[in-house]
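Residues per chain, in single letters:
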Amino acid sequence: MAYVTSIINLKGGVGKTTITLALAHFLALEHGKRVLVIDLDPQTNATVCLMPEMEWKKRDETGRTLFQLFLDQLKGTENFSAEDTIVRRVSNVGGGVDGLDLLPSSLQLIKIQERITQITDFESYRRGPIFALRDALGSLVKRYDHVLLDCPPSLGVVTLNGLAISNAYLIPVIPDTLSMLGIPPILDRVEHFAQCTRRNIRALGIVVSMMRAQTILHNEMVRRLREDFYERRFPICFESIVPESTHIAEAADVMTRVNTLQQKYGNGGPYEELSALTKEFLSHAAR
Amino acid sequence: MPRAKRSTDASPGEPTGSASLTAEALALVETLRAVASQIDADPALATRLMSKPTTKAEPSVTGQATPGPARTVSAPPLDPFAVLRRSGEQGLQEALATLDLPALKAIVRAYRLDPARIAARWTAPERIIGLIVEQTRARLNHGRAFERV
């Protein structure tokens, strides 16, 4: 049975996509897991980090992205097929990774997001396409060991579709003042959603990303996450920390030639941290 | 000289050495951090920074393909992006074909066309030319798919 994890934060630019992609790669290549990445973010960043953008464009123009799923909800049509939309063996590592698949997003989601929101009841969740993704995927999820959802920086209908199939969620944060403010509303709203839809959605933990170890602010914020905030019923903060790194930034380029994860993420620091993060993720998910 | 404002984000008991630095010194610290970060990302930069500077007595680097022992070229002899824009893919191929291996590798390094350094041990110029053309084309076209939604 697949373990489904949403990677979520209300704040943008905190490393959601970076962490989703790193976990996907390390789970598939270092742990032999079958992984499906679902890119729910209309910015489509995870998608174009895993497949060439022109290839994505062709798929988008022929209704083979998540845009079609939500368009169907508005039009009452049934043109979306998860089977046809999933892209197999994605990534630039070795020309494609066995067991790493992608359900691509679309920039076009931006055009219909508001209309989807208007037909949704955010208090009881009894009206609106909250379960469209769950219904479209059906038993297909069972083919995977892990499903990772890269969520947009909001708790709108698209994100709720991700939560509606999730066993757990992970919160990436930059250890600075503003990123911390986004955590309590996530905990609150996810709990509300879980109660209303009678699901158990576990807060797996907080992952510190884009850490600048030489700054006092970042170190102090990590300490607060591990001590002060934990006492205020925050989820645990992972021991592994994703550093700010040129190698990690460059890893987003799917057109670069690489054969190994060490080449993709750079030998030493970033590679070691991301490898450790994945082991820690698996350990928490197994509890 | 004006003194920098004292830092207030140091924890009790933590060294506050940077708080007494001048604004110029703080700027230097930031610059050195940026340089360190670049060296971390590109080990070849460290080699270049530590190598003996070229003097006028040494032969100038043209990058033209000539027989002789292998040498290291630091300055890229051409900008592949400018050539591709101006002369197209065929023009870039032709321009690159006139260069020797060290010159081709200098282009790869200077424009960071192979961050994973998988081409570091390649010795066939055609392979390097293929890499340069492929990566230059990919970067010039980067984001085209996003232009019209």
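Residues numbered from 1 in each chain as written. Chains lettered and ligands numbered in written order. Predicted model: local features only at pLDDT ≥ 70, side-chain atom pairs only at ≥ 80, totals over all residues. Heavy atoms only, no water.

**Regarding empty space enclosed by the protein**
Here is the rule: A pocket, in this scheme, is an open set of points on a 1 Å grid over the protein atoms alone with protein on both sides within 12 Å along at least 5 of 7 lines, while a cavity is a set where a 1.4 Å probe fits but cannot get out; residues line either one if an atom lies within 4 Å of a point. Grid points are joined across faces, edges and corners, and a volume is the space filled by probe spheres set on the points. Note on residue classes: Ala, Val, Leu, Ile, Met, Phe, Trp, Tyr, Cys and Pro are nonpolar, Asp, Glu, Lys and Arg are charged, and everything else, Gly too, is polar.
For the coordinates displayed, the defined rule picks out one cavity of 30 Å³ or more. The space that makes up the largest cavity amounts to roughly 70 Å³. Taken together, Asn92, His247, Glu250, Ala251, Asp253, Thr256, Val258, Gln263 and Lys264 of chain A together with Pro115 and Ala116 of chain B make up the lining of the largest cavity. For the lining of the largest cavity, a count of residues per class yields four nonpolar, four polar and three charged.

**Considering the interface of chain A and chain B**
Which entries qualify depends on this criterion: Every residue pair with non-hydrogen atoms within 4.5 Å of one another is taken to be in contact. Throughout, the accessible surface (probe 1.4 Å) given up by two parts as they are put together, summed over both, is called the buried area. What counts as a salt bridge is simple: a side-chain nitrogen of Lys or Arg found within 4 Å of a carboxyl oxygen of Asp or Glu. Polar contact is the term for a pair of N or O atoms within 3.5 Å; when the atoms are in protein, one must be able to donate a hydrogen and the other to accept it, and sequence-neighboring residues count only if both atoms are side-chain atoms. To qualify as a helix, a DSSP run of H or I must reach at least 4 residues; to qualify as a strand, a run of E must reach at least 2; elements of each kind are numbered from the N terminus.
At the interface, 24 residues of chain A touch 27 residues of chain B. Of the roughly 2100 Å² buried where chain A meets chain B, counting both sides, 56% is carbon and sulfur surface. Run the count over chain A and chain B and you get two salt bridges. Residues Arg112 of chain B and Glu250 of chain A are paired through a salt bridge, measuring 2.3 Å at the closest nitrogen-oxygen approach. Counting across the chain A and chain B interface gives eight residue pairs in polar contact (both at pLDDT 80 or more). Elements supplying a minimum of two residues to the side of chain A that touches chain B: α3 (53-61), α11 (216-226) and α13 (246-250) of chain A. It is α3 of chain A that provides the largest number of residues to the side of chain A that touches chain B, a total of four residues. Across the side of chain A that touches chain B, the residue classes tally to eight nonpolar, nine polar and seven charged.

**Considerations on the sheet that holds strand β3 (residues 100-103) of chain A**
All names here are of chain A. Put simply, the test is: Here, strands pair whenever DSSP counts at least two bridges between them. Axes here refer to lines fitted to C-alpha atoms; in helices the fit is confined to the stretch in contact. Angles between the N-to-C directions go from 0 to 180 degrees.
Taken together, six strands build an open sheet; the order of strands is β3-β2-β4-β1-β5-β6 and the sheet is parallel. The strands lining the two open edges of the sheet, one partner per strand, are β3 and β6 (202-208). Within this sheet the neighbouring strands show an average axis-to-axis angle of 20 degrees, counted without direction. Both strand β5 (residues 168-173) and β6 contribute to a ladder of six bridges, which runs parallel. Its bridge partner being in β6, Ala168 is matched across the sheet by Arg202. Sheet contacts for helix α15 (residues 269-285): β1 (3-7), β4 (146-150), β5 and β6; angle to β6, the most-contacted strand, approximately 165 degrees.

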